[in-house]
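Chains, contacts and geometry: an overview
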Amino acid sequence: MIGKFEYCPLCAARLEDRRLDTEDKMRPVCPRCGFIHYDNPTPAAGVVLFSEGQLLLVQRKHEPRVGMWTLPAGFVEAGEEVPACVIRETKEETNIDTEIIRLFGVYSAFDDPRASVILILYLARQIAGELECGDDASDAGFFDLDNLPKDIAFRAHRAALADIKKQVVRGLL
Ligand SMILES: [Zn+2]
């Protein structure tokens with residue numbers, strides 16, 4: 001079977017791999033109700049936030065990649081605007097209240113075992129709140145760009161950190 005479902009999530013019939021008339025691609029299709037499993041990537045959103053030249057990172061408390069570091073980020077909830085997700089996740093993980101400045105960048109990653117992910121990062125500034133590690137993180141802190149933790153979880157975050165460093169060098173951040 002291709003895709004992550006073996007059975008139809010709507011009617012529980014066994015899915016079959018079929019080539020749709022409209023596409024040159026195999027997809028799992030339900031022979032009973034016609035459900036098509038597209039397996040689209042899952043959007044996640046996170047923050048690029050500096051304080052006195054140091055970048056905010058959090059340490060993962062839960063699998064996958066427990067103990068490794070990322071930018072504060074999380075999956076976008078149904079019905080939630082992406083910037084609101086950034087503000088919510090930053091507050092939950094670091095207790096910092098933020099104000100969005102602008103979109104920083106968008107990254108695709110295929111190395112998260114939970115889903116293929118599109119990570120949407122916003123640049124934000126701190127407007128209130130003291131840094132305090134939240135329930136979802138085992139640690140949180142501000143780091144100099146030339147002294148970041150070595151163990152960064154997920155390709156999307158590593159790519160983003162490389163872009164952040166480049167932009168700082170060029171005076172764009
Ligand atoms: Zn079905």
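Residues numbered from 1 in each chain as written. Predicted model: local features only at pLDDT ≥ 70, side-chain atom pairs only at ≥ 80, totals over all residues. Heavy atoms only, no water.

Focus on the domain arrangement of the protein chain
Domain boundaries assigned for the protein chain yield domain 1 (1-39) and domain 2 (42-169). With centres defined by C-alpha atoms, the gap from domain 1 to domain 2 works out at 34 Å. (Domains from an automatic or database assignment.)

Focus: the coordination of the zinc ion
Around the zinc ion, the protein contributes the donor atoms Cys8 (SG), Cys11 (SG), Cys30 (SG) and Cys33 (SG), at 2.3 Å from the metal centre. Each of the four donor atoms bound to the zinc ion contributes to angles spanning 99 to 120°, and the resulting shape is tetrahedral. Taken in chain order, the donor set of the zinc ion reads C-x2-C-x18-C-x2-C. For Cys33, a relative accessible area of 41% translates into the label partly exposed. (Donors = N, O, S within 2.8 Å, 3.2 Å for Na, K, Ca; no water. Tetrahedral: all angles 85-135°; square planar, octahedral: opposite > 155°, others 65-115°. Buried < 20%, exposed > 50% of the residue type's maximum accessible area, 1.4 Å probe, protein only.)

Structural notes on the pairing of strand β1 (residues 16-19)
The pairing of β1 with strand β2 (residues 26-29) spans four bridges and is classified as antiparallel. Residue pairing in the sheet places Glu16 in a bridge with Val29 of β2. The turn linking β1 back onto β2 is made up of six residues. (Pairing = 2+ DSSP bridges. Helix = DSSP H or I, 4+ residues; strand = E, 2+ residues; numbered from the N terminus.)

Notes on the layout of surface pockets
Taken as a whole, the largest pocket encloses approximately 410 Å³ of empty space. When residues of the lining of the largest pocket are traced back to their parent elements, those giving at least two are β4 (54-60), β6 (73-75), α1 (82-94), β8 (117-128) and α2 (155-169). In terms of residue class, the lining of the largest pocket is made up of 11 nonpolar, five polar and nine charged. (1 Å grid on protein atoms, 1.4 Å probe; cavity = no way out; pocket = protein on both sides within 12 Å on 5 of 7 lines; lining within 4 Å. Points joined across faces, edges and corners; volume = space filled by probe spheres on them. Nonpolar A, V, L, I, M, F, W, Y, C, P; charged D, E, K, R; others polar.)

Some points on the pairing of strand β3 (residues 42-51)
Of the pairings in the sheet, the one linking β3 to β8 comprises eight bridges and is parallel in character. Bridging across to β8, Ala45 finds its partner in Ile120. Two elements, β3 and β6, share three bridges in a ladder whose sense is antiparallel. The residue of β6 that forms the bridge with Gly46 is Ala73. Where β3 meets β4, two bridges bridge the pair, whose relative direction is antiparallel. By the bridge assignment for β4, Phe50 is matched with Leu55. Between the antiparallel neighbours β3 and β4 lie two residues, among them Glu52 with a positive phi of about 50°.

Focus on the environment of Thr98
Structurally, Thr98 is set in strand β7 (residues 97-109). By relative accessible area, which is 7% here, Thr98 ends up buried. Along the sequence, Thr98 and Lys4 sit 94 residues apart, while their C-alpha atoms lie 36 Å from each other. Residues within four places of Thr98 in sequence aside, it is in contact with Leu49, Ile87, Thr90, Ala124, Arg125 and Ile127. (Contact = heavy atoms within 4.5 Å.)

Considering the nonpolar core
In this structure, Leu55, Leu57, Leu71, Leu121, Leu161 and Ile164 are the most contacted members of the largest nonpolar core, which totals 22 residues. Those elements that provide at least two residues to this core are β3, β4, β7, β8 and α2. Apart from the residues lying within four places of it in its own chain, the contact partners of Leu55 are Val48, Leu49, Phe50, Leu71, Gly141, Phe142, Phe143, Leu145, Leu161 and Ile164. Counting residues in each nonpolar core, the second largest holds 11 residues, with Val76, Cys85, Val86 and Ile96 among its members. (Core = buried A, V, L, I, M, F, W, Y, C linked by side-chain atoms within 4.5 Å.)

Observations regarding unusual backbone geometry
Following Glu63, the chain continues to Pro64 via a peptide bond in cis, the omega torsion being 0°. Within the secondary structure, Pro64 is located in the loop between β4 and β5 (69-70). The phi dihedral of Asp39 is positive, around 55°, even though this residue is not glycine. As for its placement among the helices and strands, Asp39 is situated in the loop between β2 and β3.

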